[in-house]
Amino acid sequence: MRILFVDIDTLRPDHMGCYGYNRDTTPNIDRVCAEGVRFDNYYCSDAPCLPSRAALVSGMFGIRNGAVGHGGTAADRRLTGAPRDFTDVIDENCFHNIFRRAGMHTASISTFPERHSSWWFNAGFNECYNVGNRGIESGEKVLPVALDWLNRNGEKDNWFLHVHFWDPHTPYRAPAEFGNPFADEPLETWITPEVFAEHRKHVGPHSVNELQMYNSDKDARFPRALGKAETMDDLKAVMDGYDCGIRYADELIGQIFDSLRAKGIYEDTAIIITADHGENMGELGIYSEHATADQPTCRIPFIIKWPGGQKGATDQGLHYNLDALPTMADLLHVEKKPNWDGESYARSILEGADTGRDSLVISQMAHVCQRSARFGDWLYIRSIHDGYHLFDDEMLFNLKDDPYEQHDVKAEHPELCAMGAKIILDWHDAEMKKSDSQIDPMWTVMKEGGPYHTRGNLPAYLERLEATGRAEGARRLREKYGE
């Protein structure tokens, strides 16, 4: 069997044609989607980049594997300790080793391990290709390596190839010669001029005033990446930059699909298309960042074309990315492992069965410290550290009626807040009972100074707020954080 795993960084599904987006961002992916199964409520358990892939690869929530942040102790996966054998059980049972156990030759083309010093990602691969530049490269550096690998190996049997594209990730970096396919398309968005005016008052990194996190500096290497957005035309440029990154990645991926077709192996090759996380594009006042434990950051696409599987189908169930381990084990008839937290959705792929969970708990510890409950139409967010956005400690959103999280309705539904809090508490207790550690890594993050992307940035940011007409926000941050 042949399996192609396409890993597109920072891809939110509602910016893809096959998920209903009004722009033609993903024509090549859309074609694959029509031949397979589209999962509509698929989430990374832990965001953003490093924690998401740690959960996927280990099959364990961040609360158990320990890697929940981008710096400090909690940016590393926990050591197994005294029970560690000659090889580590987490690496032996990792996602990539499922394919090895199924008799496949495995290869990865990705700069992720070097970008985050997360070398555990390479466990289970026979070959690893690093094109350099630690995730700042654009896809024309990745594509030739993928095509060369397929030219040498594609017609062989029993391989698994992981190909990772960063193009939708900030800074938006599609090459200038790619142009802007959306230049003449109007911006269709929920962000009205009135909403945009409110967002310009926002306090917190990656607002429209500070698209470079804590400042509005521009990097000449990335002309598509604005420093700030002052007008609706600027807002369109931000959206165009993101969508161009998606369309550029799609065009490169299309060449990989064409290579499979030219070799006559496309029909029999399983294709998986997914992402590590999405992107805030105005939700909660945040732009061009994956900074929260909510719908835009944690909901990700998952599309699978599987020989013998459903075609043109959709799945509405709630699933985690870490559910992929038992799923692939079932599909490939490989033994499942007891250390995994996932639940298989193989029957959804093969039969169209409902294998979704009743609820999910999604987490973010790199930009904020949040845990959220996703259940029914609802998203309940609990903030331990708000990342300097002045969020309330609790927030509640009806995603059916309010998909862009504009209206916090916790005051109207205290019973749903209680339900969300209980889902998080029950999940926490269940996972800590399974954990080999007595420490919740969220509190490690807090004791080491808070989320990595907040550390050391508050004093200068307070001065910036005062200099840009947001002194009241600076006052409230000083009151909350004691600066």
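Look up a bit, the structure's there.
Summarised in this report is the structure supplied together with it.

About the thresholds
Residues numbered from 1 in each chain as written. Predicted model: local features only at pLDDT ≥ 70, side-chain atom pairs only at ≥ 80, totals over all residues. Heavy atoms only, no water. Salt bridge = Lys/Arg side-chain N within 4 Å of Asp/Glu carboxyl O. Helix = DSSP H or I, 4+ residues; strand = E, 2+ residues; numbered from the N terminus. Buried < 20%, exposed > 50% of the residue type's maximum accessible area, 1.4 Å probe, protein only. Axes fitted to C-alpha atoms, helices over the stretch in contact; angles between N-to-C directions. Parallel < 35°, antiparallel > 145°, perpendicular 65-115°, else oblique. Contact = heavy atoms within 4.5 Å. Nonpolar A, V, L, I, M, F, W, Y, C, P; charged D, E, K, R; others polar. Pairing = 2+ DSSP bridges. Left-handed = near helix turned anticlockwise from the far one by under 90°. Phe/Tyr/Trp six-rings, centres within 6.5 Å; stacked < 30°, edge-to-face > 60°. Lys NZ or Arg CZ within 6 Å of the ring centre and 35° of its normal.

This part is about the pattern of salt bridges. Counting across every chain of the model gives 39 salt bridges. Of the charged contacts, one joins Arg470 and Glu210 as a salt bridge, the two residues approaching to 2.3 Å between their closest N and O atoms. Of the two residues, Arg470 sits in the loop between helix 15 (458-467) and helix 16 (471-481) while Glu210 sits in the loop between helix 8 (193-199) and helix 9 (232-262), which places them 260 residues apart along the sequence. Here Arg470 matches Glu210 in class, with each residue buried. Notably, a salt bridge pairs Arg247 with Glu251, separated by 3.2 Å at the nearest N-O pair. Of this pair, Arg247 and Glu251 both sit in helix 9, separated by four residues, roughly a single helical turn. Judged by its relative accessible area of 32%, Glu251 falls in the partly exposed class.

Let us now look at the packing of helix 7 (residues 143-153) against helix 9. At their nearest, the axes of helix 7 and helix 9 sit 10 Å apart, and the two run at 10° to each other. Classified by the angle between their axes, helix 7 and helix 9 sit roughly parallel to one another. Contacts from Leu143, Ala146, Leu147, Leu150 and Asn151 in helix 7 reach Leu252, Gln255, Ile256, Ser259 and Leu260 in helix 9. Grouping the constituent residues of the contact of helix 7 with helix 9 by class yields seven nonpolar, three polar and no charged.

The side chains of a regular strand alternate between both faces of the sheet. Here strand 11 (residues 313-320) lies mainly inside the structure; six of its eight residues are buried. Of the pairings in the sheet, the one linking strand 2 (residues 37-43) to strand 11 comprises six bridges and is parallel in character. When the sheet's bridge partners are listed, Arg38 is paired in strand 11 with Thr314.

The next thing to look at is the sheet that holds strand 5 (residues 127-129). In space, the eight strands of this open sheet follow the order 5-4-6-1-7-10-2-11, with mixed pairing throughout. Strand pairing shows two members of the sheet lacking a second neighbour, strand 5 and strand 11, which therefore form its edges. In this sheet, adjacent strand axes meet at a mean angle of 15° when their direction is disregarded. Pairing of strand 2 with strand 10 (residues 299-305), which is carried by five bridges, proceeds in the antiparallel orientation. Residue pairing for strand 10: Tyr42 is matched across the bridge by Ile300. With respect to the sheet, helix 11 (residues 324-332) is in contact with strand 1 (2-8), strand 2, strand 7 (269-274), strand 10 and strand 11, its orientation differing from that of strand 10 by roughly 5°.

On to the sheet that holds strand 14 (residues 378-385), then. The five strands lie next to each other as 3-12-13-14-15, forming an open sheet whose pairing is mixed. Every interior strand has two partners, whereas the edge strands, strand 3 (46-47) and strand 15 (394-398), have only one. Relative to strand 15, strand 14 is paired through five bridges, and the arrangement is antiparallel. By the bridge assignment, Tyr380 is partnered in strand 15 with Leu396. Seen against the sheet, helix 13 (residues 414-434) touches strand 12 (359-364), strand 13 (369-375), strand 14 and strand 15 and runs at an angle of roughly 110° to strand 13.

The element helix 11 is largely enclosed, with a buried count of eight among its nine residues. When we look at burial in helix 11, the residues that qualify are Ala324, Leu325, Pro326, Thr327, Met328, Ala329, Leu331 and Leu332. A positive backbone phi angle near 60° is found at His333, which sits one or two residues after helix 11.

On to the packing of helix 15 against helix 16. Each packed pair of helices is defined by two parameters, the angle between the axes and the distance between the axes. Two elements in contact, helix 15 and helix 16, have axes separated by 7 Å at closest approach and are oriented at 150°. One finds that helix 15 runs roughly antiparallel with respect to helix 16. Considering the relative orientation of helix 15 and helix 16, their crossing is left-handed. In contact with Leu458, Tyr461, Leu462, Leu465 and Glu466 of helix 15, helix 16 contributes Ala471, Gly473, Ala474, Leu477, Arg478 and Tyr481.

Here we take up the packing of aromatic side chains. For the structure on display, the rule yields 24 aromatic pairs. On the basis of an interplanar angle of 85° and a centroid distance of 4.9 Å, the ring pair of Phe61 and Tyr320 is categorised as edge-to-face. Taken as a pair, Phe61 in the loop between helix 2 (49-58) and helix 3 (62-65) and Tyr320 in strand 11 lie far apart in primary sequence, 259 residues in all. Summarising the aromatic geometry, the rings of Tyr172 and Tyr242 are spaced 5.7 Å apart at their centres and angled 50° between planes, so their arrangement reads as tilted. Remark: Tyr242 occurs in helix 9 and Tyr172 occurs in the loop between strand 6 (159-165) and helix 8; sequence separation between them is 70 residues. There is no split in this pair, since Tyr172 and Tyr242 are both buried. A network of ring pairs unites the aromatic residues Phe5, Phe95, Phe99, Phe112, Trp120, Phe121, Phe125 and Phe160 as a single cluster. Cation over ring: Arg53 sits above Phe112, and NZ or CZ is 4.9 Å from the ring centre.

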